[in-house]
Structures are given as C-alpha cells and as structure tokens.
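Chain and residue survey
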Amino acid sequence: MDILEKKIKLSDIDTLSLFGYNDTHLKLIENKFHSSINVRGDVLTLRGEPSEVKIIEKVFDELRYILLKKGKLQSEDVMEVLGIVRDALPSANKNGIQNSANGVVLQGKKDGIRIKNQHQQDYVDKVAKNDIVFAIGPAGTGKTFLAVAMALAALRNNEVSRILLSRPAVEAGESLGFLPGDLNEKVVPYLRPLLDALGDMLTPEKLKSMSEKEIIEIVPLAYMRGRTLNNSFIILDEAQNATITQMKMFLTRLGRGSKAIITGDITQIDLPNKHDSGLVDVQRILHGIDGIDFIYFDKADVVRHRLVADIIDAYEKDSV
C-alpha cells in the first residue's frame, strides 16, 4: 500500500481557531479518516493513502476559506464540510457504521469488518439501540473484535469523542505498581486483545496519533474510580474477572452521550471466589432495565479456527 506524507504550512491562519479549543475541530477531522494528522508549530503533516490525503487537504482548504471569510470557525462548519466530503466519496471509502445491506460494521484499513452470523447481527442491533450492552459467551465469537469495530464506527460518525478500553488485571491483583514502565506500558499486556483488534482496523501511525491525543485511551479498571465519562464509547473486556464492587463502580462512570459494551465469558472466571464475579451478578440485578440489554453467544457462534469450537465442546463435556 502506497503511503503519502504531505506537509501543509499554516502561517497565514490562526491555528487555534482552525483546530478549535483543545483541538476539537482537529479531532472531528481525524476521527473521520484512516490517515494520521499531526501538528508541529504551524506545520500540518498528513500521512496516509494518497487519495485520502488529498481529500483531507481539500477539507483543510475549505475550512481555511471559511475561517478567513467569517473570522471564526465552529464545529458545525467542520461537520458540514465533512458531510459534503463523505457524500462525495465512493461508497467503499465511506467510514460508515453498521451498513445492514452488506453486513459491514466498519470500513477497516484494508477490508470491511463484516457481520458473520445472526448472533453478531443481533449484537450490533442491540448496541445501536441501547447505551449499555453485555456480550457474554466463549472465546472466538467476535465479542471483543466487534465491540472495537462499533466503537471506531461511532467515533468516525462523531457520535462520541473518544474510546476508552479497560480490563481487570486479575493476574496482577490490580496492583500494577511493581511492573516496569508508565501506566500505559504496565496495562498493555492485559489489554492486548483490544489493541490487536485496533491494529487490524487502524494503521500503526493512526493508532499512535489517536493514543497521543487521548482519542483512544487505555484505562485499567482499578483506575476508573471517580471519573465521569461523557461522550465516550467504553469497552470493558474480560468482565467476568471484575468483582461485584468493580462492576458497580464501572457502570456508574457512564456520563452523557456515552455507550458501554461489557464483554466476558462466565465459564472462565479467574477470581478466587467465582461468586464474586460482577458479570454473573449483573445479569440478575440489571435484567429488564430500559437502555440495558444482554446478548449471549455459544460455541456455535465461534468464528475463529474450527478447532476452537471443538475445544470448547470438549471442556464442556468434561466438566459435566
């Protein structure tokens, strides 16, 4: 795949007005495209596929024109320009969400992320209709992968302004201080499945750029206490290893304009006392609440190697 790097000098414009307070305009633009967008001083650097880089350059040209003409730039102006650009793109290049006609959840860096069975379609539908969805089932059913795809699609549609990834670090007893590196480096091993999914959908440059801007944030479950998460798409993975107290704490972080997907496998609880699992407990407590829904997968939904379903079946028979 050809990669083009384009540098744009912005010495003729007020970059604060162009990019918005706290880079709000810049983030709206970056969320729409696969290419990375970085700023150093008055130089804007675009890096991605040549055709997309040219489109982004046209977006900034139009926004500079609006700013010079009106003397100010608002988020509505940015959204309007992005909408015009999106309508002009070929359908294969539109970064839309949940195209039910062809089963595409997200247009990834290479191919579309597609729904593979009816349970996955139900999963996507429930996330679209509810603010909190619990996806429960065995490994290999696409729970985590689709959650990441739906989060990125919501981000590209500007339905949310950031993505937060979280997971309980049971193996470290939630005591990450003894591990080397900063907080991000400490928790990476526990969030590897989520990061692997992101790596399948974003280029390394794009993922690095979005992480540096905190559009995508890695948050250990133990560090979420006290936060209120507005306009966010939050994914809690391996939730069977969250305690009842941790699950309550996590769910009450949800703020305005946010969605949450909680994934887990209640047959793979690593807590010392399996009855302490918040994912088991929450099915009883939150059942029937409007805006919260559950989707259950089983071994028939496994979309990994064919042997995965056989392995799950063998373990189920052995446990009887």
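Placed above this text is the structure.
Analysis parameters
- Throughout, residues of each chain are indexed from 1 in the direction in which the sequence is written.
- Under the rules for a predicted model, residues below a pLDDT of 70 receive no local features and side-chain atom pairs below 80 are neither given nor counted, while totals for whole chains, interfaces and linings still include all residues.
- Processing note: side-chain calculations cover all non-hydrogen atoms of the structure and skip hydrogens and water entirely.
- In this text, buried Ala, Val, Leu, Ile, Met, Phe, Trp, Tyr and Cys residues form a nonpolar core when linked through side-chain atoms within 4.5 Å.
- Any residue under 20% of the maximum accessible area for its type is buried, any over 50% is exposed, and the rest in between are partly exposed; the area is computed with a 1.4 Å probe on protein chains only.
- By definition, any uninterrupted DSSP run of H or I lasting at least four residues is a helix, any uninterrupted run of E lasting at least two residues is a strand, and each is numbered from the N terminus.
- Contact criterion: two residues are considered in contact whenever any of their non-hydrogen atoms come within 4.5 Å of each other.
- With axes taken as lines fitted to C-alpha atoms, and helix axes fitted only over the stretch in contact, angles between N-to-C directions fall between 0 and 180 degrees.
- When describing relative orientation, an angle under 35 degrees is termed roughly parallel and one over 145 degrees roughly antiparallel, while 65 to 115 degrees is termed roughly perpendicular and anything else oblique.
- For a crossing to be left-handed, the near helix must be turned anticlockwise from the far one by less than a right angle; the clockwise case is right-handed.
- Each residue gets one label: Ala, Val, Leu, Ile, Met, Phe, Trp, Tyr, Cys and Pro are nonpolar, Asp, Glu, Lys and Arg are charged, and the others, such as Gly, are polar.
- For two strands to pair, DSSP has to find at least two bridges joining them.
- One fewer than the residue count of a helix, multiplied by 1.5 Å, yields its expected span.
- Directions pointing from the helix axis toward each C-beta atom define the arc.

Observations regarding the nonpolar core
Grouped together as the largest cluster of nonpolar side chains are 39 residues, with contacts concentrated most on Tyr123, Met150, Leu152, Leu198, Ile216 and Phe233. Tallying contributions element by element places helix α6 (residues 143–156) first for this core, with 10 residues. Setting aside residues no more than four positions away along its own chain, tyrosine 123 makes contact with Val133, Ala135, Gly142, Lys143, Leu146, Ala147, Met150, Ile261, Thr263, Ile295 and Phe297. Counting 24 residues, the second largest nonpolar core, distinct from the first, contains Leu10, Leu63, Leu82 and Val85.

A few points about the packing of helix α5 (residues 118–129) against α6
In the contact formed by α5 and α6, the axes pass within 11 Å of each other and the chain directions differ by 40°. Judged by the inter-axis angle, α5 sits oblique to α6. Regarding α5 and α6, the two cross each other, and that crossing is right-handed. When α5 is examined against α6, the residues Gln120, Tyr123, Val124 and Val127 are found in contact with a partner set consisting of Lys143, Leu146, Ala147 and Met150. Classifying every residue of the contact of α5 with α6 gives six nonpolar, one polar and one charged.

Overview of the sheet that holds strand β3 (residues 43–48)
Strand order in the open sheet made by the three strands is β1-β3-β2, with antiparallel pairing throughout. At either margin of the open sheet sits one strand with a lone partner, and together these are β1 (4–9) and β2 (36–40). Taken over all neighbouring pairs, the strand axes of this sheet differ in orientation by 20° on average, direction set aside. Taken together, the five bridges between β2 and β3 define a ladder with antiparallel strand orientation. Considered in β3, the bridge of arginine 40 is made with valine 43. Set on the sheet, helix α3 (residues 50–70) makes contact with β1, β2 and β3; between it and β3 the angle comes to about 150°. Across the sheet, helix α9 (residues 204–212) is in contact with β2 and β3; its angle to β2 comes to roughly 50°.

With respect to the packing of α6 against helix α8 (residues 192–201)
The interhelical angle for the contact between α6 and α8, taken along N-to-C directions, is 55°, at an axis separation of 9 Å. It follows from the interaxial angle that α6 and α8 lie oblique. Pair α6 / α8 crosses with right-handed handedness. On the side of α6, the interface is formed by Thr144, Phe145, Val148, Ala149, Leu152 and Arg156, while α8 contributes Pro193, Leu194, Ala197, Leu198, Asp200 and Met201. In the contact of α6 with α8, the residues fall into nine nonpolar, one polar and two charged.

Some thoughts on α3
With 21 residues, α3 extends 30 Å from end C-alpha to end C-alpha; this agrees with the ideal 30 Å at 1.5 Å per step. Within the span of α3, buried status applies to Glu52, Val53, Ile56, Val59, Phe60, Leu63, Arg64, Ile66 and Leu67. Down the axis of α3, the buried set is contained in an arc of 160°. They therefore lie on one face. Within α3, the exposed residues directed more than 90 degrees away from the buried face are Lys54, Lys58, Leu68 and Lys69. Directly beyond the C-terminal end of α3, a positive phi value near 85° is found at glycine 71.

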